[in-house]
Amino acid sequence: MQRDAIISRASDYAKEGGLAADLSRLVAYRSISQSEGKPEDLMAYLTDEMQPRLADMGFQTEISDNPRAGGAPLLLATRHEGDDLPTVLIYGHGDVCNGEAHRWREGLDPFLLKQEGDRLYGRGTADNKIQHLINIKALDLLIKTTGRLGFNAKIILEMAEETGSFGLREFFEAKRNALQADVLIASDGPRLAADTPTMFMGSRGGMSFDLVVNLREGDHHSGNFGGLLADPVIILSHAIATIVDRRGQIQIPEWRPTSLTPEIRAALKDLPPRRHDADWGEADLSPSERVFGWNSMAVLAISAGNIAAPQNAISGSARATCQLRFVVGTDMDDILPALRRHLDAHGFSMVEVRPGRGEAFKATRFSPDHPWVKFVEQSVAASSGKAPHVLPNLAGSLPNDAFTDILGLPTVWIPHSHAECGQHGPNEHALLSIAEEGMRIMTALFLDIADKATNLKRGS
Ligand SMILES: [Zn+2]
């Protein structure tokens, strides 16, 4: 079958309902890796859905226990077509965040796919089920229409990305040989603009921590003790206000990255504008520099007293869960020690710093000049007819360091979602129009890899 016919078949799969039907099966698995989830649902996504699907495509599949106690299983699927061919590693995560059904709009259920126009609603639609489905279906199409891929492929599916890819790095260390490849090509996160393909080669890191002010047991009458007993909420608020100023600019010198070089600024210069508040973030930087080239702190949740029924009382304790997103050029091992030193220097030794429960993500950034990156960029430009937005790193966090640092791979991410998809919140949705273009892009890319397989083989 000719190239154009294969690509138009890929497009039809999205346009004629095949993709939505497959995605609705995937969304129905409550494969939650966070507090609402059950281990058997994580396993079922692999055993009942992915393993048969990949075996049917001629892949050898193996489900492994997580190397860390209490961790989720992983699936590795391999299709070997020749020793002289390049090997493409593809990654996806089948786990999703908590459903939080009560926060979704009337008429939507996180685990029941609902299509409204271009939108496909459901938990995990955008993050990450439609993204790995597209890549797997594109491979499937090549196999079904031409009888082969024309290269070797390995697919790794983890079920713990939303808990910091718990155990993924240990798994990679243990399976380094089985995972050997020439490149990682994967999809996660959003496009920069919905109508233009995006590529990125790394991600910001992410580290969560708690700030706790625990002064005494129980609450005390705010009249009888007001003015006498210190208020932990006010102390915590002031402590936070020394870490970031009123527009969120980071005040801890060690938290300010050294990597916003003229080259990175040039790479970020022509990206399209993003939704942003003009009076927020690092004042001297452009919005693209703030989100792709700089660090940011967020207060994810804050707790003291009972907001639903406040008492006339001074709380005994207060707690804020915070997070630093950081680019390369930030010493990850010094993030919490620097915070400790900063709080002490500002007279907040009573504010306790506790490491977050989830895994921290490392920051990575891979060169846009690598031959694989250039090859993918040319392919995506040709198949979509658009110059893709090429980012040095995603603003969000991914376990990209497992691929770059442990497996030593060049990494190219081609997201099939958009920034307003609602991932991690209510009303998560994927756009069918992006998925349709994604099907064409990935199918064309895999055809191009098959076409240039010998040249792409590592070392040549
Ligand atoms: Zn996510």
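Check the entry above for the structure.
Residue positions are counted from 1 within each chain, in the order its sequence is given. Given that this is a predicted model, residues contribute local features only at a pLDDT of at least 70 and side-chain atom pairs are listed and counted only at 80 or more, while totals for whole chains, interfaces and linings are drawn from all residues. Working from all heavy atoms in the structure, the side-chain values ignore hydrogens and water.

S.K.: How should I be thinking about the pairing of strand β2 (residues 74–79) in this particular structure?
M.R.: As a general feature of sheets, a regular strand has side chains that alternate between the two faces. Burial classification: accessible surface area is computed with a 1.4 Å probe over protein chains only, and a residue below 20% of its type maximum counts as buried, one above 50% as exposed, and the rest as partly exposed. Put simply, DSSP marks the helices as runs of H or I at least four residues long and the strands as runs of E at least two long, and each gets a number from the N terminus on. Across the 6 residues of β2, 5 count as buried, placing the element largely inside the fold. Two strands form a pair only when DSSP identifies at least two bridges running between them. Bridge count for strand β1 (residues 60–64) against β2 is 5 bridges, and the pairing is antiparallel. Counterpart to Ser 64 in the pairing with β2 is Leu 74. Relative to strand β6 (residues 152–158), β2 is paired through 6 bridges, and the arrangement is antiparallel. By the bridge assignment for β6, Ala 77 is matched with Ile 155.

S.K.: Help me understand the sheet that holds strand β4 (residues 114–116) in this model?
M.R.: Each strand in a sheet pairs with another by means of backbone hydrogen bonds, the pair being arranged parallel or else antiparallel. One open sheet holds the 3 strands; their spatial order is β4-β5-β19, and the pairing between them is antiparallel. The open sheet is flanked by β4 and β19 (429–431), the only strands paired with a single partner. On average, each strand axis in the sheet is inclined to that of its neighbour by 25°, with strand direction left out of account. Judged from the 3 bridges that link them, β4 and strand β5 (residues 119–121) form a sheet pairing that is antiparallel. Following the sheet pairing, Gln 115 is matched in β5 by Leu 120. Two residues qualify as a contact provided that any one of their heavy atoms is within 4.5 Å of a heavy atom in the partner residue. Fitted lines through C-alpha atoms give the axes, limited to the stretch in contact for helices. The angle between two N-to-C directions lies from 0 to 180 degrees. Where helix α4 (residues 125–146) meets the sheet, its contacts fall on β5 and β19, and the angle it forms with β19 comes to roughly 45°. Lying on the sheet, helix α12 (residues 432–451) is in contact with β4, β5 and β19; it crosses β19 at an angle near 55°.

S.K.: Please explain the environment of Tyr 91 as it appears in this structure.
M.R.: Following the sequence through the fold, Tyr 91 ends up in strand β3 (residues 87–93). Linking Tyr 91 and Arg 246, residues 155 residues apart in sequence, is a C-alpha distance of 39 Å. When near neighbours in sequence (up to four residues on either side) are disregarded, Tyr 91 contacts Ile 156, Glu 158, Glu 161, Ser 165, Leu 184, Ile 185, Ala 186, Ser 187, Pro 399, Phe 403 and Trp 413. Pairs of N or O atoms are called polar contacts if they sit within 3.5 Å, as long as, within protein, a hydrogen donor faces a hydrogen acceptor (for residues adjacent in sequence, only side-chain-to-side-chain pairs). Separated by 2.6 Å, the side chains of Tyr 91 and Glu 158 make a polar contact.

S.K.: In this structure, what is going on with helix α3 (residues 39–56)? I would like to understand it.
M.R.: The α-helix advances 3.6 residues per turn, and as a result positions three or four apart in sequence lie on the same side. In a helix, the anticipated span is given by 1.5 Å times the number of residues less one. Between its first and last C-alpha atoms α3 spans 25 Å; for 18 residues at 1.5 Å apiece the expected length is 26 Å, and the two agree. A residue's bend is given by the angle between axes fitted to the 7 residues ending at it and the 7 residues starting at it. Its maximal kink placed at Met 50, α3 deviates by approximately 40°, while the proline Pro 52 follows within four residues. Within α3 the residues assigned to the buried category are Leu 42, Ala 44, Tyr 45, Leu 46, Glu 49, Met 50, Arg 53 and Leu 54. Next to the buried residues of α3 lie α2 (18–28), β1, β2, α4 and β6. Two residues or fewer after α3 comes Gly 58, characterised by a positive phi angle close to 80°.

S.K.: Got a minute to help me understand the coordination of the zinc ion in this structure?
M.R.: Tetrahedral coordination by four donors places them ideally at 109.5 degrees to one another around the metal; octahedral coordination by six donors ideally gives 90 or 180 degrees. In this analysis a donor is any N, O or S atom within 2.8 Å of a metal ion (3.2 Å for sodium, potassium and calcium), and since water is not included, sites may seem incomplete. Looking at the metal site, the zinc ion is ligated by Asp 127 (OD), Glu 162 (OE), Glu 162 (OE) and His 424 (NE2), spaced 1.9 to 2.6 Å from it. A four-donor site is classed as tetrahedral when every donor-metal-donor angle falls between 85 and 135 degrees; four donors are called square planar, and six octahedral, when trans pairs exceed 155 degrees and all remaining angles lie between 65 and 115, with any other arrangement labelled irregular. Coordination at the zinc ion comes from 4 donor atoms whose angles at the metal span 53 to 136°, giving a geometry best classed as irregular. Mapped onto the polypeptide sequence, the residues donating to the zinc ion form the spacing pattern D-x34-E-x261-H. Remark: His 424 occurs in the loop between β18 (417–418) and β19 and Asp 127 occurs in helix α4; sequence separation between them is 297 residues. With a relative accessible area of 4%, Asp 127 lands in the buried category.

In short, shape yes, function no, at least from these values alone.
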